[in-house]
Each structure stands twice: as structure tokens, then as C-alpha cells.
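Coordinates in review
What follows is each chain in one-letter form.
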Amino acid sequence: MTVRTRFAPSPTGYLHIGGVRTALFNWLFARAHGGQFILRIDDTDQQRNVQEALQPILDGFRWLGLDWDEGADVGGPYGPYYQSQRLDRYQAAVQTLLAQGCAYWDYATAEELKAEMEAAEKEKRPKIYSRRWMAETDADRARFEAEGRTGSVRVKMPREGECRIVDRIRGEVVVPWSGEQDTVIQRSDGTVTYNLANVVDDCDMRITHVIRAEEHLSNTPRQIFLLEALGFPRPEYAHVPFVAEPGSKNKLSKRKIANYLKNAEFKKVYDHAHAITAKLGLETTPESFNPVLVDFYKTVGYLPDAVLNYLVLLGWSAGDRETFTRQDMIALFTLEGVNKSPASLDVQKLLAFQERYFQALPLEQKVERVLPFLLQAGFTVESEVVRQIVEAAGPRLKVAGDILDYSEFFLPDEQVPYDEKALDKHVRKSPGADWVTGLRSLLAAAKPFDAPTLQAQVEEFIAAQSAKPRPVSQTLRVLVTGKEVGFGTYETLAILGRERCLARIDRAITIV
RNA sequence: GGCCCUGUCGUCUAGAGGCCUAGGACACCACCCUUUCAAGGUGGGGACCGGGGUUCGAAUCCCCGCAGGGUCACCA
């Protein structure tokens, strides 16, 4: 039998990193077994702009390179893959369940139900519906409806015995049926709920392995009851731990971003990325631009492979090894290697992976990654120059967007901002001030105008002045870049070229 | 509260009774390198939730606690 796994996002407008991790495990398992990975859309809660809210999710998957064999956009033999288009299938299932006595029409009002649940809470009993407003016959239905009540359909769960789940990650889990609520499967407006739709879809789409987050473990007995009542085959289950908050065991939530930002390490990574969006002129709010969402990483120039590599290790491991290509992951992935306990999102470690991956990229590819950011920031650039700059920047570029830290190379000479403090320290005051003219003529005469020559000549200058190398180099740097940090001074000079260096020094002199 | 799940450095984890004086990675600290900033190199601190068993021997097996989490929706 071919392995078939699925991931079923709701069109919410964003791709949650925890969801991606679960999707990744599904994808890996399918790929590892030569099976199919299906992307189904859970849009029973019919919102208006499904397509619009879905797009960012599909884009995220494509960016990460998690391809799907069937589902949204691509179709397939077991469709439709949108729940909103499968209503008739669900209705049929509800009818079957009703006919078999595994479900019943219920006429309890919201208030009545609430009262029951509160009483149960008070008496410390399991919250189980009494079935007091259950309609067993058509006559009952008519009577309730005459009272002006509207009916919903509930599952009639067993009240005795137990449900045994064999979970590939957790082992055998035994749950007494008596604690399972008669959940609503069809709302009073006729639409169906998640548990029912899920079971029907998984069966129709021939899903063999249900790999999902552990918060669904408690839904599983209910789903098993439904699926057996419907005569469907039982898939294998694997409940993976959820992704937890930074430094806690609570489930990661997009909405708690303000809280996470209080964590210094988390904030550091957020600020780093935020600085890039600021330079791009992008409007962001913590709500939309958020390390909990995949788009965050895409926007500032992380590499999908780095994100994936970090993510796969969040709850899964293969010994001490940490670096995996996609092929490695596929070859090595097993459900048994998935951990049972929740893992917290550590964005700093994700950045560490990104740094490694980005550094390992050949120069040409770094340039390719960096170019869009320069263009987006409005610079007109020559790729040969960019190549030199990226090379000189070396490990200073952690994400592609970091190139914008070095905008002084791309700005016209007359627009380079000078950092006042740097100017004070290295150019206005002695000894820096005493060297400006000398350094200028040195640059005017140097031949050839390349890093080794410049270095040699400046060193001669340093010796002649009986100066220390450090301050001289800093004075030069500030003169041509306006900043006291950057990459090698001589490389910087060489990249800018004689003309631009001289123009900048002349301008610095007028500013001073 | 009922039911279920989980518990190794701050974080991700290795660990399937002796290879454990508990290993690796990120982070942190120190030093080295260095024209700034990065990067790099070397070193350091840092954990088996607790208590009982079983065993010659337990992080690993069993029991009892404790702690954390999930779930109990006409959300998915």
C-alpha cells in the first residue's frame, strides 16, 4: 500500500511555523516511503476570501520547497480538496450515522447545555451531555421543533468500555469511552464540524498515516468511533508534540508575540529582521511580521534550507548529527525518531543555522540572493560591484537582507551619511584631523589602486607619522564610509575606487 | 475538575541496564587572533523532577508522588 499523508491548513492568511513543522514531518514521511503528500484545505468555516487567505500559505510551502502531489491548485484523483466543496459527502455521512443510530438529533439550547456543563464542573464530574433533549423518534423531533427549537446532530458515543489507539510516536494510548462527549457533527445551520469532515476526507483521500500535532490526540477516540461507524479503515496515527513558546512549554501562538518580545534573545532576532524591513521601507506590525510566521524569514532573506534544517530538528533527531540536506532528511526520517515532549522555538538557533547555510553558499549564489534586496531598497547596482562587496562582507552577511547594512557602497557620494560621533572621534580631533590631507594625497597617488598596494602605502604613512595603525585605519574608514564599523579598510577603499574615495574625503572635509 | 500526554544543561537534544566522571549543538563567559565590526581558534561554567523499589550495577525497568502541558466548542 502506498503511503499517503496530508496537511490540512485553514486559510487564515498566514503560515504558522508550528504548522510547517508538522507539515514537514508529513512530507518527509511520504517522501521517505515513495508515497504522496496531500494539501487539503480546511475551509468549512466558509470565509469570504478563501483564495486570498490561502495564497500566503501556498507561497510559504513553495518557498520552503515542500511540494504536494494532490490538493490545492494541483487537484488530483480524490478531490475536491477544499472542504467547502465536499458538503454533500459530509451530509451523506451524517445520514448514515443517523440511520445506524450512531448519531442523534439534539435540541438542547446553548443555555441548557451551558447549565449542564457548569453543573458537571461544580460536581467535579466529566462534562458529558445528559442527552436530555435527544430526539429518538420523528415524533420527538416534531415535538421539539414545535417548541421552536432547532436541531443539531450529535454523535452517540459509547458510555462503556475503552478506546485503544496505537500511536507510532506515543505507543498505545487507552481512553475510557465514558469520558467522551457527544460532540456536534452537524450544526443547526446544516454545516458540519471538523471531526466529521476530517474523518470523511481522510477516508475519501485514502490517507494511510495521520501525522498531526498532539493537541489532536484527545480528538482521536471520537474520530475513531466515527470512522468505524462509517465502516472506514483506520489509518495509522502519529501525534507529534506541538511547538512550544520560547522558554516555556505552552503551545506557541501567533497572538502572544508581545510576550515573546520580552525575551531578550527572541527580541534580538526580531530586531535584526525588523531593521531590514525598515530599510526596505516595509510597513510591519508585530502581528503581521512575526517570527512565529514563515513569511518573516522569507521577507528578510533567510534560506529555506536553513529554516527546514532547523525545523526538522525541532522534535526529531538522528543521533548527534545536525546538518541535513533535504535528501538526508528524507533518507533518515522515521516516526520513531520523533520525540514525545514539546520543543520550544529558539529563533537564535534558527539564525545560527541560517548563518552556516549562508556562509556555505558559493559567492555567485550569495550575490543572487542579495540583489533583490538592493533593488527593492531602490538602489541601482552593477552585479560585478555587488560581487566584490558581498565577497568583502564575508560572514558579516547572515541573511540576504543584511546587505542593506552596507548601503554606503550603493549611495551616491554626496548622499553618504556621516556618523557624527565617528566624525568627532576620528576626523575632527587630533590626531585623525592631522592625517586627512596626507591620506588624501596618498590615495590620489596610489598605483595600482588595490587593497595590497593601499595597505602597504598606508603602512608606510603610519611609520612616517610614528602613528599607531588602528587610529589611521579608522580615520580612513570614517572618511570614506561615514561609519566606524565595516569590513576591511583597504578592501573598502579598493571597492570604492580612487575617484569616489577622493570625492568622499573632499565632502567630509567640508562637513567637518 | 475529568480524561490524556510529557518530564536529561537556559534552549534543541544524544542516551534502549554497565561504553556516563552523562556526549553534541545554540546561547553564555574567558582568553587568543585582529585596522573597526563580524567571523575564526582554544578553554570554561551548566542537566538526568523527587522518593521508594528491582538489580552486582539505573538517566535508562517498576511503583508512588510532584511539576508542566493538552483537551473537554454548533473553532479547526
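Residues numbered from 1 in each chain as written. Chains lettered and ligands numbered in written order. Predicted model: local features only at pLDDT ≥ 70, side-chain atom pairs only at ≥ 80, totals over all residues. Heavy atoms only, no water.

Let's talk about the overall build of chain A
For chain A, the count of helices and strands is 20 helices and 13 strands. Against the compact-globule benchmark of 24 Å for 512 residues, chain A has a radius of gyration of 31 Å, which places it well outside the compact range. Considered along the principal axes of its C-alpha atoms, chain A spans approximately 105 × 45 × 40 Å. Residue burial in chain A is summarised as follows: out of 512 residues, 51% are buried. In chain A, the share of contacts with a sequence separation of at least 24, taken over all contacts with a separation of at least 6, comes to 71%. (Helix = DSSP H or I, 4+ residues; strand = E, 2+ residues; numbered from the N terminus. Rg over C-alpha atoms; globule rule 2.2 N^0.38 Å. Buried < 20%, exposed > 50% of the residue type's maximum accessible area, 1.4 Å probe, protein only. Contact = heavy atoms within 4.5 Å.)

Concerning the sheet that holds strand β6 (residues 152-155)
Spatial strand order, β5-β4-β6-β9: four strands in an open sheet with antiparallel pairing. The strands lining the two open edges of the sheet, one partner per strand, are β5 (134-135) and β9 (184-186). Relative to β6, strand β4 (residues 103-106) is paired through four bridges, and the arrangement is antiparallel. Across the sheet, residue tyrosine 104 finds its bridge partner in β6, namely arginine 154. (Pairing = 2+ DSSP bridges.)

A look at the protein's contact with RNA strand B
For RNA strand B, the set of nearby residues contains 67 residues, the closest of which are Arg187, Glu322, Arg396, Ser473 and Gly486. Within 4 Å of the protein, atoms of RNA strand B come from sugar and phosphate in 71% of cases. For RNA strand B, a phosphate oxygen lies 2.7 Å from a polar atom in the side chain of serine 317. One nitrogen or oxygen atom from the side chain of aspartate 320 is found 2.5 Å from a base nitrogen belonging to RNA strand B. At the level of secondary structure, the elements contributing two or more residues to the surface near RNA strand B comprise α4 (110-122), β6, β8 (171-176), α9 (264-280), β13 (343-344), α13 (347-360), α19 (469-481) and α20 (489-511). Considered class by class, the residues forming the surface near RNA strand B number 20 nonpolar, 22 polar and 25 charged. (Near = heavy atom within 4 Å. Polar contact = N/O pair within 3.5 Å; in protein donor to acceptor, adjacent residues only side chain to side chain. Nonpolar A, V, L, I, M, F, W, Y, C, P; charged D, E, K, R; others polar.)

Concerning the sheet that holds strand β2 (residues 36-39)
Taken in spatial order, the three strands line up as β1-β2-β3 in an open sheet, and their pairing is parallel. What marks the edges here is a single partner per strand, and that holds for β1 (4-7) and β3 (70-71). Across four bridges, β1 lies against β2 in parallel orientation. By the bridge assignment for β2, phenylalanine 7 is matched with leucine 39. Strands β1 and β2 of the sheet are contacted by helix α1 (residues 17-32), whose axis makes an angle of about 165 degrees with β1. (Axes fitted to C-alpha atoms, helices over the stretch in contact; angles between N-to-C directions.)

A look at unusual backbone geometry
Across residues other than glycine, the phi torsion is negative in most instances, and most of the peptide bonds are trans. Cis peptide bonds are those with omega within 30 degrees of zero, and the linkage from serine 430 to proline 431 qualifies with 5 degrees. Positionally, proline 431 belongs in the loop between α16 (420-428) and α17 (432-445). Cis peptide bonds are those with omega within 30 degrees of zero, and the linkage from lysine 447 to proline 448 qualifies with -10 degrees. Looking at the secondary structure, you find proline 448 in the loop between α17 and α18 (451-465). Positive phi, close to 55 degrees, is recorded for lysine 124, a residue that is not glycine. Relative to the helices and strands, lysine 124 is located in the loop between α4 and β5.

A word on the pattern of salt bridges
Side-chain pairing between opposite charges can occur once the charged atoms of the two side chains come close. For the structure on display, the rule yields 38 salt bridges. Two residues, lysine 267 and aspartate 271, come together in a salt bridge whose shortest N-O distance is 2.8 Å. Linking lysine 267 with aspartate 271, this pair stays in helix α9, spanning four residues, or about one helical turn. Residue classification places aspartate 271 among the partly exposed residues on the basis of a relative accessible area of 33%. In this structure, aspartate 424 engages arginine 428 in a salt bridge whose closest nitrogen and oxygen atoms are separated by 2.7 Å. Pair noted here: aspartate 424 and arginine 428 are both in helix α16, with a separation of four residues, about one helical turn. Of the residues examined, arginine 428 reaches a relative accessible area of 28% and is grouped as partly exposed. One salt-bridge network, held together by shared partners, links Arg6, Arg40, Arg86, Arg89, Asp201, Asp202 and Asp204. (Salt bridge = Lys/Arg side-chain N within 4 Å of Asp/Glu carboxyl O.)

Quick notes on the pairing of β2
For the segment spanning β1, α1 and β2, crossover handedness is right-handed. Taken together, the two bridges between β2 and β3 define a ladder with parallel strand orientation. Looking at β3, one finds that isoleucine 38 is bridged to glutamate 70. (Right-handed = clockwise from strand over helix to strand, strands pointing away.)

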